[in-house]
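Topology and contacts: notes
One letter stands for each residue in the lines below.
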Amino acid sequence: MKVSDLMAQNISCDDGRDLSGLPTYKLTEQIDLVAYQDTGLYTVLPLGMRVLNKIKNLIHEINRKAGIAEVNFPALQRKILWETSGRWKTFEKQIIEIASGYSSFIATPTNEEYVCNLLRTRLQSHKQLPLKFYQIGDIFKGNTPSKGVLRSLVFEVYEAYSLDSDEASLKWTRTTFEDIFDAIFSALELDIIKVDYPSGDFVNYLFSHLDGEHKILSENGRFRLWNRNDRCQASKAISIGMYKIYDRDFSKMFKLNYTDSSNVRRNPIMSTYGIGI
């Protein structure tokens, strides 16, 4: 039975506690999935670990069948990588900086910069493309955390990255990861609202929920985000997945390139795909 199903019923614990009407973040604590330690910090308890491991095993299996290689990134990155990309100025207030006696590090909030730097000396030829890989690991955000496990200071994510030589290859990669997302959400019996941004390079996967930070409007069977107050009727939703196409911007910034079939050096197209575990 899903948590959303539990919320709709008059439920009680074996010890007689009435859990009816509890918000989800309190319900998950009362049924011993997690224990909240501080704002934005929580411990996953043994029952919660069983749930998490089932989800992660499902994701691993779906990616294995799709031929996506698994990697593991470090929890720390050098600050200079984010200064190189220019995103330090944009995300500085959301990044947790680590004091060190010999270098400046940050707790990893996402891995685009790290991936480009990692592959700069490893990508040589067009024969190595497309590259597709993923990890399931912790990322850190200095945001003001909200209730429960959502938007916490540290949270576990599935994050995948791809490098493609051209638009035709990117289209195939994009379809591959859309199929992976669909398989994951279908297996978990989640009714997902997929929102395409007008720019065409960003897609958000949302789950309808009263605690959601996004407002969504439905128009002629299509959904769009609406984060301003007006007279329209909008429902709330939680963002649980996304993907973004970065084109060649990141690879150019980090001088990440390869030799094509005509022996010309070119920058690959980079994209990223993520789901909050």
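The paragraphs below set out a description of the structure included in this document. Fair warning: this is a prediction, and the values are worked out from it, not measured in the lab.

When helices and strands are counted, the protein chain shows eight helices and 16 strands. Relative to its 277 residues, the protein chain shows a buried fraction of 40%. Partitioning the intrachain contacts of the protein chain with sequence separation of at least 6 by distance along the chain shows that 62% fall at a separation of at least 24. Per element, the accessible surface of the protein chain, about 15,700 Å² overall, is 50% carbon and sulfur.

Attention now moves to the packing of helix 3 (residues 46-66) against helix 7 (residues 167-187). Each pair of packed helices can be described by the angle between their axes along with the distance between the axes. Where helix 3 contacts helix 7, the two axes come as close as 10 Å, and the packing angle between them is 145°. Remark: the crossing between helix 3 and helix 7 carries right-handed chirality. Packed against helix 3, whose contacting residues are Leu58, Ile59, Ile62, Asn63 and Ala66, the element helix 7 presents Thr176, Ile180, Ala183, Ile184 and Ala187 at the interface. Partitioned by chemical class, the residues of the contact of helix 3 with helix 7 number eight nonpolar, two polar and no charged.

Taking 1.5 Å of rise per residue, 21 residues should cover 30 Å, and helix 7 covers 30 Å from first to last C-alpha, within 8% of that figure. For helix 7, the full list of buried residues reads Ser169, Leu170, Thr173, Thr176, Phe177, Glu178, Ile180, Phe181, Ile184 and Phe185. Backbone nitrogen of Ala168 and a side-chain oxygen of the N-cap are separated by 3.3 Å at the start of helix 7; the cap is Asp166.

Counting 24 residues, the largest nonpolar core has Tyr158, Phe177, Ile180, Phe181, Ile184, Phe185 and Tyr273 as the members making the most contacts within it. For this core, the secondary structure elements donating two or more residues are helix 3, strand 7 (131-140), strand 8 (154-164), helix 7, strand 10 (202-208), strand 13 (235-247) and strand 16 (269-276). Per-element accounting of this core gives the leading share, six residues, to helix 7. Those residues in contact with Ile184, other than ones at most four positions away along the chain, are Leu58, Ile59, Ile62 and Ile275. Core analysis: the next-biggest nonpolar cluster, separate from the first, contains 20 residues, Trp88, Leu123, Leu129 and Tyr258 among them.

Moving on: the pairing of strand 7. Regular strands have side chains that alternate between both faces of the sheet. Where burial is concerned, most of strand 7 is hidden: seven out of the 10 residues are buried. When strand 3 (residues 69-70) meets strand 7, the two strands line up parallel, connected through two bridges. Considered in strand 7, the bridge of Ala69 is made with Phe133.

Here we come to the sheet that holds strand 6 (residues 105-107). With antiparallel pairing, three strands are arranged side by side in an open sheet as 4-6-5. Both edges of this open sheet fall to strand 4 (76-78) and strand 5 (97-98), since each of them pairs with a single strand only. As paired strands, strand 4 and strand 6 are joined by three bridges and run antiparallel to one another. Bridge assignment links Leu76 to a residue of strand 6, and that residue is Ala107.

Conventions we followed
- Residues numbered from 1 in each chain as written.
- Predicted model: local features only at pLDDT ≥ 70, side-chain atom pairs only at ≥ 80, totals over all residues.
- Heavy atoms only, no water.
- Helix = DSSP H or I, 4+ residues; strand = E, 2+ residues; numbered from the N terminus.
- Buried < 20%, exposed > 50% of the residue type's maximum accessible area, 1.4 Å probe, protein only.
- Contact = heavy atoms within 4.5 Å.
- Areas by Shrake-Rupley, 256 points an atom, 1.4 Å probe, with all protein chains shown as cover.
- Axes fitted to C-alpha atoms, helices over the stretch in contact; angles between N-to-C directions.
- Left-handed = near helix turned anticlockwise from the far one by under 90°.
- Nonpolar A, V, L, I, M, F, W, Y, C, P; charged D, E, K, R; others polar.
- Expected span 1.5 Å × (residues − 1).
- Polar contact = N/O pair within 3.5 Å; in protein donor to acceptor, adjacent residues only side chain to side chain.
- Core = buried A, V, L, I, M, F, W, Y, C linked by side-chain atoms within 4.5 Å.
- Pairing = 2+ DSSP bridges.

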